[in-house]
Amino acid sequence: SSDTSDRDEKLYQICQLLESEIAVFDWVGFYLVDPEADRQLVLGPYVGEPTDHTRIPFGKGICGQAAETNETFVVQDVNKEDNYLACSIHVKAEIVVPVKKNGEFIAELDIDSHTKDSMTSEHRRLLESICGQVSALF
Ligand code: SME
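What you see is a predicted model, and the numbers here were worked out from it, not measured in a lab.

Novice: Looking at this model, I keep getting lost on the pairing of strand 1 (residues 27-33). Mind explaining?
Specialist: The side chains of a regular strand alternate, residue by residue, between the two faces of the sheet. With six of its seven residues buried, strand 1 lies for the most part within the structure. Pairing analysis gives six bridges linking strand 1 to strand 6 (residues 104-113), with the strands arranged antiparallel. Paired with Leu32 across the bridge in strand 6 is Ala107. Across five bridges, strand 1 lies against strand 2 (residues 40-47) in antiparallel orientation. Its bridge partner being in strand 2, Leu32 is matched across the sheet by Val42. Hairpin connection, strand 1 to strand 2: the antiparallel pair is bridged by six residues, and Arg39 has positive phi, about 50°.

The following block contains the structure:
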């Protein structure tokens, strides 16, 4: 594993690539487990509009639920979710993929789309593969 700034630069490049290459991805970012806090996510590198949700407790929103279950969470219509934190009124679909180190949840990749029903199984496979490799940066 490398130092934090080196890692964050690489995470940022992944966000940029995904946001620019996949048309339906409108916000792409990483949330990391805060080692200083009890079961809290802190916003890491991202591409897209700034969000108010820079810290998220485990269990809250789509991000917090993915942190708690340590499993990919796909939402095709955010309006149907009651445990959801809105970053922008334009967001319609979301996918959150965990990053694991030796099976333990350490971070997640969060992607928002302005298009309902836009998260495909191909996206999911690609993102899970990326997160599997991202693990080596930690
Ligand atoms: N929508 C997320 C919050 C993070 S923003 O999408 C960047 C959630 O419900 O956890």
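Novice: What am I meant to see in the environment of Trp27 here?
Specialist: The topology assignment puts Trp27 in strand 1. Trp27 sits 85 residues away from Asp112 along the chain, and the two C-alpha atoms are 5.0 Å apart. Within polar-contact distance, the side chain of Trp27 engages the backbone oxygen of Glu49 at 2.9 Å.

Novice: Explain the environment of Thr69 here, please?
Specialist: Mapping Thr69 onto the fold places it in helix 2 (residues 61-69). Taking relative accessible area as the criterion, Thr69 reaches 49% and is therefore assigned partly exposed. Along the chain, Thr69 and Pro98 lie 29 residues apart, while their C-alpha atoms are 9.2 Å from each other.

Novice: What's the story with the site of the ligand in this structure? I'm lost.
Specialist: Near the ligand, the surroundings consist of Trp27, Tyr31, Gly61, Ile62, Cys63, Tyr84, Leu85, Cys87, Glu94, Asp110 and Asp112. Glu94 is positioned with one of its side-chain polar atoms (N or O) 2.9 Å from a nitrogen atom of the ligand. Asp110 has a polar side-chain atom sitting 3.4 Å from an oxygen atom of the ligand. For the ligand, the protein covers 100% of the area, taking 310 Å² as the surface of the free molecule. One can see that the ligand is located within the largest cavity. Counting only elements with at least two residues in the shell around the ligand, the list comes to strand 1, helix 2 and strand 6. Of the residues that constitute the shell around the ligand, the class distribution is seven nonpolar, one polar and three charged.

Novice: In this structure, what is going on with empty space enclosed by the protein? I would like to understand it.
Specialist: Where empty space is left becomes clear once a probe the size of a water molecule has been rolled over the atoms. A full pass over the atoms with the stated rule returns one cavity of 30 Å³ or more. Considering only enclosed or pocket space, the largest cavity measures out at about 80 Å³ in volume. As for the largest cavity, its lining consists of Tyr31, Ile56, Gly61, Ile62, Cys63, Tyr84, Leu85, Cys87, Glu94, Asp110 and Asp112. Ranked by residue count, the leading element in the lining of the largest cavity is helix 2, at three residues. Considering only residue class, the lining of the largest cavity consists of seven nonpolar, one polar and three charged.

Rules and cut-offs
Each chain carries its own residue numbering, running from 1 in the direction its sequence is written. Per-residue local features are limited, in this predicted model, to residues with pLDDT of at least 70; the limit for side-chain atom pairs, both in listing and counting, is 80 or more; totals at the level of whole chains, interfaces and linings are taken over all residues. The side-chain values count all of the structure's non-hydrogen atoms but skip hydrogen atoms and water molecules. Between buried and exposed lies partly exposed: a residue is buried under 20% and exposed over 50% of the maximum accessible area for its type, with that area taken using a 1.4 Å probe on protein chains only. Runs of H or I in DSSP of at least four residues are treated as helices and runs of E of at least two as strands, each being numbered from the N terminus. By definition, two strands form a pair when at least two bridges between them are found by DSSP. The term polar contact refers here to a pair of N or O atoms within 3.5 Å; inside protein, the definition further demands a hydrogen-donor-capable atom paired with an acceptor-capable atom, and it admits residues adjacent in sequence only when both atoms are side-chain atoms. Note on definitions. A residue lies near a molecule or strand when any single heavy atom of the residue is within 4 Å of it. For the accessible areas, the method is Shrake-Rupley and the probe is 1.4 Å, while residue cover comes only from the protein chains on display. A pocket, in this scheme, is an open set of points on a 1 Å grid over the protein atoms alone with protein on both sides within 12 Å along at least 5 of 7 lines, while a cavity is a set where a 1.4 Å probe fits but cannot get out; residues line either one if an atom lies within 4 Å of a point. Being in a pocket or cavity means that more than half of the molecule's atoms lie within 2 Å of its grid points. Residue classes follow a fixed rule: Ala, Val, Leu, Ile, Met, Phe, Trp, Tyr, Cys and Pro count as nonpolar, while Asp, Glu, Lys and Arg count as charged, and any other residue, Gly among them, counts as polar. Grid points are joined across faces, edges and corners, and a volume is the space filled by probe spheres set on the points.

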